[in-house]
Amino acid sequence: MTEPKTVNLSVEGMSCASCVGRVEQGLNDVDGVTNATVNLAAESARFTISGPAGLKAAVDVLTDLGYPARTSRVTLNIVSMTCASCVGRVEKALLGTSGVVEASVNLAAENATIVYVTGATTAEQLVAVSTGAGYPAEIALADAQVSRSERKADEAKALLNRVVFAAVLTVPVFILEMGAHTIPGFHDLVARTIGMQTSWLIQFVLATIVLFGPGWGFFAKGIPALLRRAPDMNSLVALGTGAAWTYSVVATFLPQLVPDDVRAVYFEAAAVIVVLILLGRWLEARAKGRTGAAIQALLGLQPKTARVLRDGQTVEVDIDALRTGDLVLVRPGERIPVDGAVTDGASNVDESMITGEPLPVPKTADDLVTGGTVNGTGSLTFAATRVGADTTLAQIIRMVEEAQGAKLPIQGLVDRVTMWFVPAVLALAILTVLVWLLVGPEPALTFALVAGVSVLIIACPCAMGLATPTSIMVGTGRAAEMGVLFRKGDALQHLNEVEVIALDKTGTVTEGRPTLTDLITAEGFERSKTLALIAAVEAQSEHPVAEAIVRSALEEGVKLLDATEFRSVTGYGVEAVVAGQKVLVGADRFMTLNNIDTSALEEKERILAEQGRTALYATIDGVLAAVIAVADPVKASSASVIAALHDRGLKVAMITGDKQATAEAIGREVGIDEVIAGVLPDGKVAALDALRHGGRKVAFVGDGINDAPALAHADVGIAIGTGTDVAIESADVVLMSGDLRGVINAAEVSQATMRNIYQNLVWAFGYNVALIPVAAGVLYPAFGLLLSPVFAAGAMALSSVSVLTNALRLRRIEAKMPEVGPPPATSHQLITQPAE
């Protein structure tokens, strides 16, 4: 069975939430396609396919629905082809590639021209397919891979040209028909000079050019959608302007069919509607281009070339030609091209564009550098460790793109409403016309036409469809600039609903680099020999506490002995045979498990634990030998972050494997509300469930490999970016700075984005609820007011622009936590006590 694959396609022609609903429903109905989600702001469709047939069916459905997937074209130079059979093999291999629409191979030119669905495959993958078939290939000519913002800029430019052309033609129409309302005697002047019939003919010619020139797109997309019984925004505009134009044509050329008292033309309404809606779409295109500004900024961080040492010579190569292990040279002030480890040189590197932290980070030999960051005043040579799609920057871009394409739970309600919105508007427009014809005052036909067209034009599903995705795009993009990555878009909503923040202790509240502070021996044991035996056992372990003990032993000049029969009991301790003696090191529960009497040092252990230190026992050949204390300094920012979380009305808990006394000492120091201590690695999930009592939603912040299950189990998992890859992969949110302050920034982005979404939805729904009845004429009986279709078009155009403009305000979100200085002196200042 073919492995399921997630595909992200760029879709053309979507203009409103109704379009989104139809595309989504159409894709989900295709055999082999699941989990389809459509994003109007990003103009994309994301779904899972179980084979190439599923993708082809999805592309066909998109075309049938009138929302085709965008395609790209690439030309490959192919070698080793000698006959028509070679051509056939290459074509078959290319056509069998998921996403390829057309493939034409030319033997004489030794090339292949391929049309493929953008997002389903890439030119590089097609090169690999040809090469894998036995015919090595390289890209000869590819379509310019313009960014989304550039594409929207081109679209905006084309729309502006249409707006200007349509406006130039519409102005005379508007003056001829509406001049009488503003200029006294203008109507009589027209009648005496060119005559009303000639005026109407001029309006007819100009309005017809506007409707079927710049405005043709509304008819080309809207009418087929209507015939497919899937009307969209274009259908409403086409019907509204078409009705006004048709009535006016009849009044102009077939006057005998229209009673004299209602004979009038509405060419100016049809033309002005087209101009105003095109103007709105131009403003939309400009605003949509800016919603992806964060991604565009990230894409711009990577240099195009890099200087590499090859055969002792410095060679400048394209960034795509870099390979793992290449030695890369970076001069002062240059941007680092890919991830790597410094081999030579020293400098300070500005990593703010990745982590959001403004202070430059010193880099010397063996330190890691990240692609996209800026080198300071020194020169660096580093070995490339991750290139291409594996770099941190590429992963960040991928995470942000995935989050921006996500659909929040709140969007489900919007989708259900908008699926029925356009049909409901059509029905309401028909009902409006019937009511005016049946009970309206004379001229009833004119009133019916004006009201019906106004209802069609003023309805705006576009605003409803854009309300959520635009806010997500801008919010997650701004978060990335602050060093906060929302790996899953729905975390934006869930984080705003969280009531409890649970923090792992080691590496999250504390530095995660423990240091040996105390070694208190029992009677009859000599300190240095005891430390040597303990260190020999701990040298076999990868636990941070073990590392601290070994590091301190080496600093004291202790020679490490060989250990055999090593065994680790997760959450309890370790044991091994050293110099013929069996040594156990672990927590009190490990001693209990092995029937060791710890009473001689229990008081010492209790005092150490109350000081916030992790205390362990050591035994030699079954006899209690020592109690060891290790302290992990609290991060400088922890107390201020927890205070800021309290200010936001959140409760803060800490989960740790430490003893209760140790954990409570640290909790008191930083202001923790609830401490859950003595938790084994596999018990963090149960601890989170305990914190959920009363239906509370819980976010968990951690960084270690043992945190992965808890990160996945929490309502929102937040990983410190300096942690392990598996922890990050299990998380919903990643803090690239490795600092708890990122939690505040994540909460701020979540709150601001959700507030923005609610504002957009209130505006979008409120606009339609309030103005559609006004357009239908509910104010006429009481106030004699009937909304003009021209004003309806202006209001509709402004509705979408208002939603987009509001979403763009999220680009101004500021980081809430100030920079912190050196850590203050605390009870965790490290000392080494002499042996007793």
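So, a few notes on the structure that sits alongside this text.

Cut-offs applied
- Residues numbered from 1 in each chain as written.
- Predicted model: local features only at pLDDT ≥ 70, side-chain atom pairs only at ≥ 80, totals over all residues.
- Heavy atoms only, no water.
- Helix = DSSP H or I, 4+ residues; strand = E, 2+ residues; numbered from the N terminus.
- Buried < 20%, exposed > 50% of the residue type's maximum accessible area, 1.4 Å probe, protein only.
- Contact = heavy atoms within 4.5 Å.
- Areas by Shrake-Rupley, 256 points an atom, 1.4 Å probe, with all protein chains shown as cover.
- Lys, Arg positive; Asp, Glu negative; His and termini not counted.
- Charge placed at Lys NZ, Arg CZ, Asp CG, Glu CD.
- Axes fitted to C-alpha atoms, helices over the stretch in contact; angles between N-to-C directions.
- Parallel < 35°, antiparallel > 145°, perpendicular 65-115°, else oblique.
- Nonpolar A, V, L, I, M, F, W, Y, C, P; charged D, E, K, R; others polar.
- Pairing = 2+ DSSP bridges.
- Salt bridge = Lys/Arg side-chain N within 4 Å of Asp/Glu carboxyl O.
- Left-handed = near helix turned anticlockwise from the far one by under 90°.
- Core = buried A, V, L, I, M, F, W, Y, C linked by side-chain atoms within 4.5 Å.
- Polar contact = N/O pair within 3.5 Å; in protein donor to acceptor, adjacent residues only side chain to side chain.
- Expected span 1.5 Å × (residues − 1).
- Patch = residues over 30% accessible without salt bridge, like charges linked within 9 Å, V, L, I, M, F, W, Y side chains within 5 Å.

1. Observations regarding the overall build of the protein chain
Looking only at helices and strands, one finds 31 helices and 29 strands in the protein chain. Over its C-alpha atoms, taken along the principal directions, the protein chain stretches across nearly 125 × 75 × 55 Å. For the protein chain, buried positions account for 53% of its 836 residues. The long-range share in the protein chain, meaning contacts at least 24 apart out of those at least 6 apart in sequence, stands at 70%. Element-wise, carbon and sulfur atoms account for 58% of the exposed surface of the protein chain, whose accessible area totals about 35600 Å². Side-chain charges of the protein chain comprise 63 positive and 86 negative groups, with the mean position of each set lying 6 Å from the other.

2. Thoughts on the packing of helix 8 (residues 216-227) against helix 9 (residues 233-253)
Contact pair helix 8 / helix 9: the axes reach a minimum separation of 7 Å and the direction vectors enclose 105°. Judged by the inter-axis angle, helix 8 sits roughly perpendicular to helix 9. Where helix 8 abuts helix 9, its residues Phe218, Phe219, Lys221, Gly222, Ile223, Ala225 and Leu226 lie against Asn234, Ser235, Val237, Ala238, Leu239, Thr241 and Gly242. Looking at the contact of helix 8 with helix 9 residue by residue, the classes come out as eight nonpolar, five polar and one charged.

3. Description of the sheet that holds strand 15 (residues 374-375)
Spatially, three strands are ordered 13-12-15 in an open sheet, and the strand pairing comes out antiparallel. This sheet does not close on itself; its edge strands, each paired only once, are strand 13 (361-363) and strand 15. Across three bridges, strand 12 (residues 347-350) lies against strand 13 in antiparallel orientation. From the neighbouring strand, Val349 faces strand 13, where its bridge partner is Val361.

4. What about the pattern of salt bridges?
Side chains that carry opposite charge are capable of pairing whenever their charged atoms lie near each other. What the rule picks out here adds up to 26 salt bridges. With a closest N to O distance of 3.0 Å, Asp739 and Arg741 form a salt bridge. Judged on exposure class, the residue Asp739 and its partner Arg741 are both buried. One continuous salt-bridge network, built from bridges that share partners, spans Glu12, Glu43 and Arg70.

5. Examining the packing of helix 16 (residues 444-458) against helix 29 (residues 741-776)
Where helix 16 contacts helix 29, the axes come no closer than 8 Å and their chain directions differ by 165°. Classified by the angle their axes make, helix 16 and helix 29 are roughly antiparallel. In terms of crossing hand, the pair formed by helix 16 and helix 29 is right-handed. Contacts between helix 16 and helix 29 involve Ala451, Ser454, Val455 and Ile458 on the former and, on the latter, Tyr767, Asn768, Leu771, Ile772, Ala775 and Ala776. Grouping the amino acids of the contact of helix 16 with helix 29 by side-chain chemistry returns eight nonpolar, two polar and no charged.

6. Let's talk about the nonpolar core
Counting residues in each nonpolar core, the largest one holds 145 residues, and the members touching the most others are Leu9, Met14, Leu27, Phe47, Phe486, Leu503 and Val733. Not counting residues within four places of it along the chain, the set of residues in contact with Val733 comprises Val484, Leu485, Phe486, Arg487, Ala491, Val716, Gly717, Ile718, Ala719 and Ala746. One finds Leu531, Ala563, Val583 and Ala618 within the second-largest nonpolar core, a separate group that totals 27 residues.

7. A short note on the side chain of Thr614
In this structure, Thr614 sits in strand 23 (residues 614-620). Relative accessible area serves as the criterion here: at 15%, Thr614 is assigned to the buried category. In terms of polar contacts, Thr614 uses its side chain to reach the side chain of Asp658, at 3.1 Å.

8. Comments concerning helix 7 (residues 196-212)
Taking 1.5 Å per residue, 17 residues should reach 24 Å; helix 7 reaches 24 Å between its end C-alpha atoms and fits that length. All of the buried residues in helix 7 are Ser199, Trp200, Gln203, Leu206, Ala207, Thr208, Val210 and Leu211.

9. As for a nonpolar patch on the surface
On the surface, Leu428, Ile430, Leu431, Leu434, Val435, Leu438 and Val439 cluster together into a nonpolar patch covering about 690 Å² of accessible area. Along the polypeptide, Val435 turns up in helix 15 (residues 421-439). Judged by relative accessible area, which is 40%, Val435 ranks as partly exposed.

10. Remarks on the side chain of Thr470
Among the secondary structure elements, Thr470 is positioned in helix 17 (residues 461-481). Thr470 gets classed as buried once you look at its relative accessible area, which sits at 0%. Not counting residues up to four positions away in its chain, the partners in contact with Thr470 are Ala41, Asn760, Val803, Leu804 and Ala807.

11. Side note on the environment of Ile720
Examined against the element boundaries, Ile720 turns out to sit in strand 28 (residues 716-720). In sequence terms Ile720 and Ser737 are 17 residues apart; their C-alpha atoms lie 7.5 Å from each other.

12. Quick notes on unusual backbone geometry
The step from Glu442 to Pro443 runs through a cis peptide bond, and the omega angle for that step is -5°. Looking at the element boundaries, Pro443 is found in the loop between helix 15 and helix 16. Positive phi is not limited to glycine here, since Asp366 has a value of about 80°. The residue Asp366 is located in the loop between strand 13 and strand 14 (368-369) in this model.

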